[in-house]
Amino acid sequence: MKLSLCIPMYNESSIIRDTAITLSQYMQDNFDDYEIIFSNDGSHDGCDKIVEKLGLPNVKVVGYEQNMGKGYAVRTAMLAAQGDIVMFTDADLAYGTEVIKRVADTFLENPDAKIVIGSRNLSGDGYEGYTFIRKLASKTYIKVLCIIGGFKLSDSQCGCKAFRGDVVKPIFSRCEVNRFAFDFECLLWANKFGYKIVEMPVKIINHRESTVNVMRDSVKMIKDLFKMKKRIKKAKI
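Residues numbered from 1 in each chain as written. Predicted model: local features only at pLDDT ≥ 70, side-chain atom pairs only at ≥ 80, totals over all residues. Heavy atoms only, no water.

1. Here we look at the sheet that holds strand 3 (residues 59–64)
This is how the line gets drawn: In this description, strands pair whenever DSSP reports at least two bridges between them. Helix and strand labels come from DSSP, where a helix needs a run of H or I of at least four residues and a strand needs a run of E of at least two; each type is numbered from the N terminus. The convention used is that axes are lines fitted to C-alpha atoms, helices contributing only their stretch in contact, and that angles between N-to-C directions extend from 0 to 180 degrees.
Read from one edge to the other, the open sheet built from seven strands follows the order 3-2-1-4-6-5-7, with strand pairing classed as mixed. Each having just a single partner strand, strand 3 and strand 7 (197–201) make up the two edges of the open sheet. Here the average twist between neighbouring strands, direction ignored, is 20°. Where strand 1 (residues 3–9) meets strand 2 (residues 34–41), seven bridges bridge the pair, whose relative direction is parallel. The residue bridging Met-9 from the neighbouring strand is Asn-40, located in strand 2.

2. Observations regarding the nonpolar core
Selection criterion: Throughout this description, the term nonpolar core refers to a set of buried Ala, Val, Leu, Ile, Met, Phe, Trp, Tyr and Cys residues connected via side-chain atoms within 4.5 Å. Throughout, exposure labels follow a simple rule: accessible area from a 1.4 Å probe, protein chains only, divided by the maximum for the residue type, with under 20% read as buried, over 50% as exposed, and the rest as partly exposed. Here, residues are in contact when the closest pair of their heavy atoms is within 4.5 Å.
Core analysis: the largest hydrophobic core is formed by 36 residues, its most contacted members being Met-27, Phe-38 and Ile-100. Those elements that place two or more of their residues in this core are strand 1, helix 1 (16–30), strand 2, helix 2 (47–54), strand 4 (85–88), helix 4 (98–109) and strand 7. In contact with Met-27, other than residues within four places in its own chain, are Leu-3, Leu-5, Tyr-34, Ile-36 and Ile-100. Among the nonpolar cores identified, the runner-up in size contains 32 residues, and Cys-6, Phe-163, Val-167 and Val-168 belong to it.

And the structure:
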């Protein structure tokens, strides 16, 4: 079984060297067949060159010159991946490295599952380290968006998601959203195809200040979600 790990990056020169080395060592220690794909979202700090110069085995960099958004970066990497399992997570390794092996094990334990996503709401320590206000805002934000989207998932916004290789192209080749709402779009397509989704508990290990403005971005995401639902509902597969 080959596992592809996709890492979107935008101006991550301060952390990307350590991230690449950490991931390379972890993957070598835990997987016989793997690839790590860093997707450069139009960075201008040379983070792509930092990764390339390391010369790490089974590591490659894809990307483009203009900043397009995290969704576009994830989509670019996912469609370039060749693994039996294709996973994406953040460049700061917010959920640690151990989560990668747990994702692979969850697929083995659930052979009919097509998608595995992390959830901070499945264990008591999922939001450990969050301030009360940030935890409340995150939970409320996710709940409202899931109600609108028609999801029964406990944490649609977790930045740790994995897909069996055979469903990557059907989903991501149809995705159009480039920024924050891209998670919802891939889940809407998954529901459209009837793919089984399994959640597994995760917790934030490496905290970094969120770039999401809850009020401003929530309104935009809700608008985007209504548009996505309408477009995907009409789409023929």
